[in-house]
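Examining the three-dimensional arrangement
What follows is the residue order along each chain.
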Amino acid sequence: MFDNILISFGLKSADYKVEAFGSGLINHTYKLTGKAHDYVLQQINTNVFKKPHNIVNNLSLVKEYLSETNPDYLFVAPLKALSNDFLVKSATGDYFRLFPFVKGSHTVNTLENEQEAYQAAQQFGRFTRMLHDFDINKLEYTLVDFHNLKLRFDQFKAASVTANALRLAQASDEIKAVYNNLQILQTYNELVSNNKIPLRVVHHDTKINNVLFDANKNALCLVDLDTVMPGYYLSDIGDMMRTYLSPVNEEETDLSQIHVREDFFRCIYKGYMSEMGSILTETEKQHFIFSGEMMIYMQGLRFLTDFLNNDIYYGAKYPDHNLVRAKNQFKLLTEYLNAEPTFKTMIASVDKEFL
Ligand code: GN1
Ligand code: MG
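No experiment lies behind these values; they were computed from the predicted model shown.

Points about the side chain of S160
Along the polypeptide, S160 turns up in helix α4 (residues 149-162). At 2.9 Å, the side chain of S160 and the backbone oxygen of K157 are in polar contact. Each residue touching S160, except ones within four places of it in the same chain, is listed here: L168 and L308.

Digging into the nonpolar core
Judged by nonpolar contacts, the single largest core of 99 residues is most densely connected at F127, Y244, F265, F288 and L304. Broken down by element, this core gets its largest block of residues, 13 residues, from helix α11 (residues 288-308). Ignoring anything within four residues of it in the chain, the contact list for F265 reads M241, L245, F288, I289, Y336, F343, M346 and I347. Counting 14 residues, the second largest nonpolar core, distinct from the first, contains I5, Y16, L32 and V88.

Digging into the coordination of the magnesium ion (ligand 2)
The magnesium ion (ligand 2) binds to the protein through N210 (OD1) and D224 (OD); the donor distances cover 2.1 to 2.8 Å. Of the two residues, N210 sits in the loop between β6 (200-202) and β7 (211-213) while D224 sits in the loop between β8 (219-222) and β9 (229-231), which places them 14 residues apart along the sequence. What makes N210 buried here is its relative accessible area of 5%.

Topic: the pairing of strand β2 (residues 28-33)
Bridging between strand β1 (residues 17-20) and β2 involves four bridges; their strand directions are antiparallel. In the strand pairing of β2, A20 is matched with Y30. As judged from the six bridges shared by β2 and strand β3 (residues 38-44), these two strands associate in the antiparallel manner. Looking across to β3, one finds that L32 is bridged to Y39. Taking the residues between adjacent antiparallel strands as the criterion, β2 and β3 are bridged by four residues.

Thresholds applied
Residues numbered from 1 in each chain as written. Chains lettered and ligands numbered in written order. Predicted model: local features only at pLDDT ≥ 70, side-chain atom pairs only at ≥ 80, totals over all residues. Heavy atoms only, no water. Helix = DSSP H or I, 4+ residues; strand = E, 2+ residues; numbered from the N terminus. Polar contact = N/O pair within 3.5 Å; in protein donor to acceptor, adjacent residues only side chain to side chain. Contact = heavy atoms within 4.5 Å. Core = buried A, V, L, I, M, F, W, Y, C linked by side-chain atoms within 4.5 Å. Buried < 20%, exposed > 50% of the residue type's maximum accessible area, 1.4 Å probe, protein only. Donors = N, O, S within 2.8 Å, 3.2 Å for Na, K, Ca; no water. Pairing = 2+ DSSP bridges.

That is the geometry; function is a separate question.
Laid out in structure tokens, this is it:
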């Protein structure tokens, strides 16, 4: 199926078993299993990433910087094709790239133990820490306004004007939830419009399945680096809250199973702060808990907007899929807001421990 693509990377398709791989929603990913080496082949979704060379340029710059400053750091960068480029364009105009498969690694879709949460948070913190002195102006925005909550809200409003009446009626509770939580948007706007928090190099997709673990459940490295670009640390922390705290993920349809595992919050805080504690500004630290509100709300908005837009972005595996995902996220938001007093107490006690 990918014969010509593999040839462009200097591989023979007869030497590999090709299988769909991972659970990403945007790019198509395949694992190539061979006798000597395994690879991951990925087709970039150019409806989303309109300039795939921006990704390649960013990753090359980061790779070069890290190989000089932290030579032992495992940074899984794409491999060069025979053309010397990292991207191969297929006859149909699609872009592909190839990564080495990290031996003995696996991903998880839902966190099972606190150690995994600590380690994953530490990995994301380490990444941003190691790039603290890197000149962020060198990086391209691979997705402009990706985590701009104001824009996500405006997109939602636009979608609610054009959506069909049936979908609007079906989504009425979720639309109410958006308006009932506008204080989140307000806080975001205040932070961003007054430049109260700095831009840093962040990952922007800290879902747990973007961390590779070894057989002993130790975190090995980060993957899915397409959205590595300047952004706010709130994005990374917030998406960890969104995806690590609940025992079930955003695909869960039984909403009664969604709840917040408060001890996992402590692990995220400790793991991230073990790397970034001395770097973050006071304002950033004060918004640690807010980051979860921001990212859960944003993902709820994004799923809801896509439902109103007839599923053009995320696609849908069953009718109302994106509405169910939005319901899931707004339920999680409620649980998260309820747990905030406990989170505050936890932060205070961890900080005391380290004083
Ligand atoms: C998308 O493709 P994947 O699953 O890594 C999305 C993230 C969302 C996530 C929700 C480029 O990530 O922002 O949080 O789905 N990535 C893009 O599962 O839109
Ligand atoms: Mg992913």
